[in-house]
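What follows is each chain in one-letter form.
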Amino acid sequence: MHTAEVIIIGGGIVGSSIAYHLTASGCKDVLVIERETAQGKGSTGKSMGGVRAQFSTPVNIQMSLYSIPFYASFDDLLGYPAGYRPQGYLFCATDEKHIAYLRTNYQKQIAMGLKDVRLISADEIRGMFPQLRSDDIIGGSFCSTDGFVDPYSAMIGFMTSAADHGAKLWKNTQVTGITRDTKGIAGVETTRGTVSARKVVNAAGAWAKSIAEMVGVNLPVEPLRRMLVPTEPFDQFPHSAPMIIDMSNGFHFRPEALGFLLAWNDPEETTGYKMDFDPAFVEKILIRAAERVPVFENLAVNPKRAWAGLYEMTPDHHPILGEAPGVPGFFLANGFSGHGVMHAPATGKILADLILTGKSDLIDTSLLTLSRFAEGKTIHETAVL
Ligand SMILES: Cc1cc2nc3c(=O)[nH]c(=O)nc-3n(C[C@H](O)[C@H](O)[C@H](O)COP(=O)(O)OP(=O)(O)OC[C@H]3O[C@@H](n4cnc5c(N)ncnc54)[C@H](O)[C@@H]3O)c2cc1C
């Protein structure tokens, strides 16, 4: 019979960060269970790797205020690379409503202690990137400490460091059930046998709903396909560029290797476990790319290199963190709605605090409980890309 103090279901970046933060707090008897033969085959390996503090709700800003400095010192702290590149996020507004929205968010971000964000004029944007079509750009906001990480490296760094301090990772092992007794959670059933534990964490990403169902918890987390298109090498736009967001339609892009990575949230996409890349998406995104960056008309794209992955959406685009109501010992770290890489460090810290001490000072955890949906206390995030 195997035992652990804490079992984490899912070895993506969230489960790995929780394992790291638990071991860093002295809890070493941690078992991470991953059904795939390698880590990163869920959403983490498909991510665009963007990290930003430019959000509209205080709790998301707070999560980033922990996570981005954490990524900045990741290599020194853990001894493994996370590939943090502080190249910024630049939001380009084309409507007075966008400007008002960015100004309101900016004021919140500054009030909460973000130092590197500023509102910028259309002329400054034109000066920074004359390659952008800017006749309709009327201003924007830029934060220089926003940027990118390498999600795969960060995940491996978290897990390797946790393992260095005693945690175990079982790969190629699926959790098939969760057992309970009169005291609460008793453990998990897996394709490798039963493991007993009083604390079990659901870190199963877009598959979290089915894990929660194992203990009768209804988790409002739905998978939503997102597609990314990498370009072939391209040098007619600077590679020092930030993530640039065209607020007129949500198209955004960032430098990646010798080319660029293009993203756009197709409003026609519907929920479901759709993992295949739709080749028709290439034309849709290239139209938007060339509209905003005329030299992108010259981009070459190999659709075979493009990919699709899953966002794990909640109704209010905020994660669900903490112990599930009515199921003591069953912890949730789910529903990141496309922000799980950038918020993995804060999530790991919050979950480790909640598991080990029952509370966390990093955020007001009552805001992100599962019960907010039943109680009508949702907090809507509008700065979703
Ligand atoms: C195209 C795309 C772009 C994105 N861009 C960004 C971005 O720029 N910035 C950002 O912050 N986020 C981004 N995201 C979102 C981010 O990738 C996710 O929020 C994050 O990876 C979630 O991490 P996770 O560990 O919760 O989930 P995952 O990485 O999916 O890990 C969950 C793991 O659980 C395992 N699992 C599931 N069921 C079981 C079971 N029964 N037993 C054992 N194991 C199980 C799965 O195999 C999987 O490995 C993007 C996502 C996509 C798809």
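Everything below is about the structure shown above.
Throughout what follows, the structure given in this document is the object of discussion. Note on numbering: residues in each chain are counted from 1, in written sequence order. Local features in a predicted model are, by the rule used here, given only for residues with pLDDT of at least 70; side-chain atom pairs are given and counted only at 80 or more, and totals for whole chains, interfaces and linings are based on all residues. Neither water nor hydrogens contribute to the side-chain values; these are computed over all heavy atoms in the structure.

This part takes up the site of the ligand. Proximity is defined per residue: if any heavy atom of the residue lies within 4 Å of a molecule or strand, that residue is considered near it. Close contacts around the ligand come from 37 residues, with E34, S43, T44, E312 and M342 the closest. One of the backbone N or O atoms of V14 is found 3.0 Å from an oxygen atom in the ligand. Pairing of N or O atoms within 3.5 Å defines a polar contact, subject to two protein rules: one partner must be a possible hydrogen donor and the other a possible acceptor, and residues neighboring in sequence count only if both atoms are side-chain atoms. Between the ligand and the protein, one listed contact pairs an oxygen atom with a side-chain N or O atom of E34 at 2.6 Å. The accessible surface values rely on the Shrake-Rupley method and a 1.4 Å probe; as for residues, cover is taken only from the protein chains in view. Out of a free accessible area of 1000 Å², the ligand has 98% covered by protein chains. A run of H or I in DSSP counts as a helix once it spans at least four residues, and a run of E counts as a strand once it spans at least two, with each numbered from the N terminus. Going through the elements one at a time, helix 1 (13–24), strand 14 (222–230) and strand 18 (307–313) are the ones with two or more residues in the shell around the ligand. The biggest single contributor to the shell around the ligand is strand 18, with four residues. When residues are sorted by character, Ala, Val, Leu, Ile, Met, Phe, Trp, Tyr, Cys and Pro go into the nonpolar class, Asp, Glu, Lys and Arg into the charged class, and all the rest, Gly among them, into the polar class. Across the shell around the ligand, the residue classes break down as 16 nonpolar, 15 polar and six charged.

Strand order in the open sheet formed by six strands is 9-3-2-13-20-19, and the pairing between neighbours is mixed. Every interior strand has two partners, whereas the edge strands, strand 9 (168–170) and strand 19 (320–323), have only one. Looking at each pair of strands side by side, their axes are set apart by 20 degrees on average, direction ignored. Here strand 2 (residues 6–9) pairs with strand 13 (residues 199–202) via four bridges, running parallel. Of the residues in strand 13, the one forming a bridge with I7 is V200. Where helix 1 meets the sheet, it contacts strand 2, strand 3 (30–33), strand 13 and strand 20 (330–334), and its direction lies at approximately 160 degrees from that of strand 2. Every residue pair with non-hydrogen atoms within 4.5 Å of one another is taken to be in contact. Axes here mean lines fitted to C-alpha atoms, for a helix over just the part in contact, with angles spanning 0 to 180 degrees between N-to-C directions. Sitting on the sheet, helix 8 (residues 344–357) is in contact with strand 2, strand 13, strand 19 and strand 20, with an inclination near 170 degrees to strand 20. If DSSP finds at least two bridges between two strands, the strands pair.

What follows deals with the pairing of strand 20. For strand 20, the tally of buried residues reaches five of five residues, placing the bulk of the element in the interior. Burial classes follow relative accessibility: with a 1.4 Å probe on protein chains only, a residue under 20% of its type's maximum area counts as buried, one over 50% as exposed, and anything between as partly exposed. In strand 20, alternate side chains face the same way, and those of F330, L332 and N334 on one face and F331 and A333 on the other are all buried. As defined by bridge partners, strand 13 adjoins strand 20 across three bridges and the pair is classed as parallel. Looking at strand 20, one finds that N202 is bridged to L332. The pairing of strand 19 with strand 20 spans four bridges and is classified as antiparallel. Looking at the pairing, G322 lines up with L332 of strand 20.

Here we take up unusual backbone geometry. Of note, the phi angle at N172 is positive, near 55 degrees, even though the residue is not glycine. Among the structural elements, N172 can be located in the loop between strand 9 and strand 10 (175–181). Exposure remark for N172: the relative accessible area of 53% places this residue in the exposed category. In this structure, S337 is a non-glycine residue whose phi angle is positive, near 55 degrees. Structurally, S337 is set in the loop between strand 20 and helix 8.

Another point: helix 2 (residues 58–78). When the terminal C-alpha atoms of helix 2 are compared, their 28 Å separation across 21 residues agrees well with the 30 Å that a helix rising 1.5 Å per residue should span. The angle separating two fitted axes, one through the seven residues that finish at a residue and one through the seven that start at it, defines the bend at that residue. Where helix 2 bends most, at A72, the angle is about 55 degrees. Within the span of helix 2, buried status applies to V59, N60, I61, M63, S64, S67, I68, F70, Y71, F74 and L78. A positive phi of about 80 degrees marks G79, the residue just after helix 2. One less than the residue count of a helix, multiplied by 1.5 Å, gives the span that helix is expected to have.

Okay, the nonpolar core next. Core analysis: the biggest nonpolar cluster contains 66 residues, and I8 and Y71 have the highest contact counts within it. Element by element, the count of residues in this core is highest for helix 2, at eight residues. We call a set of buried residues a nonpolar core when its members are Ala, Val, Leu, Ile, Met, Phe, Trp, Tyr or Cys and they connect through side-chain atoms within 4.5 Å of each other. Core analysis: the second largest hydrophobic core is formed by 30 residues, V229, A241, W264 and A289 among them.

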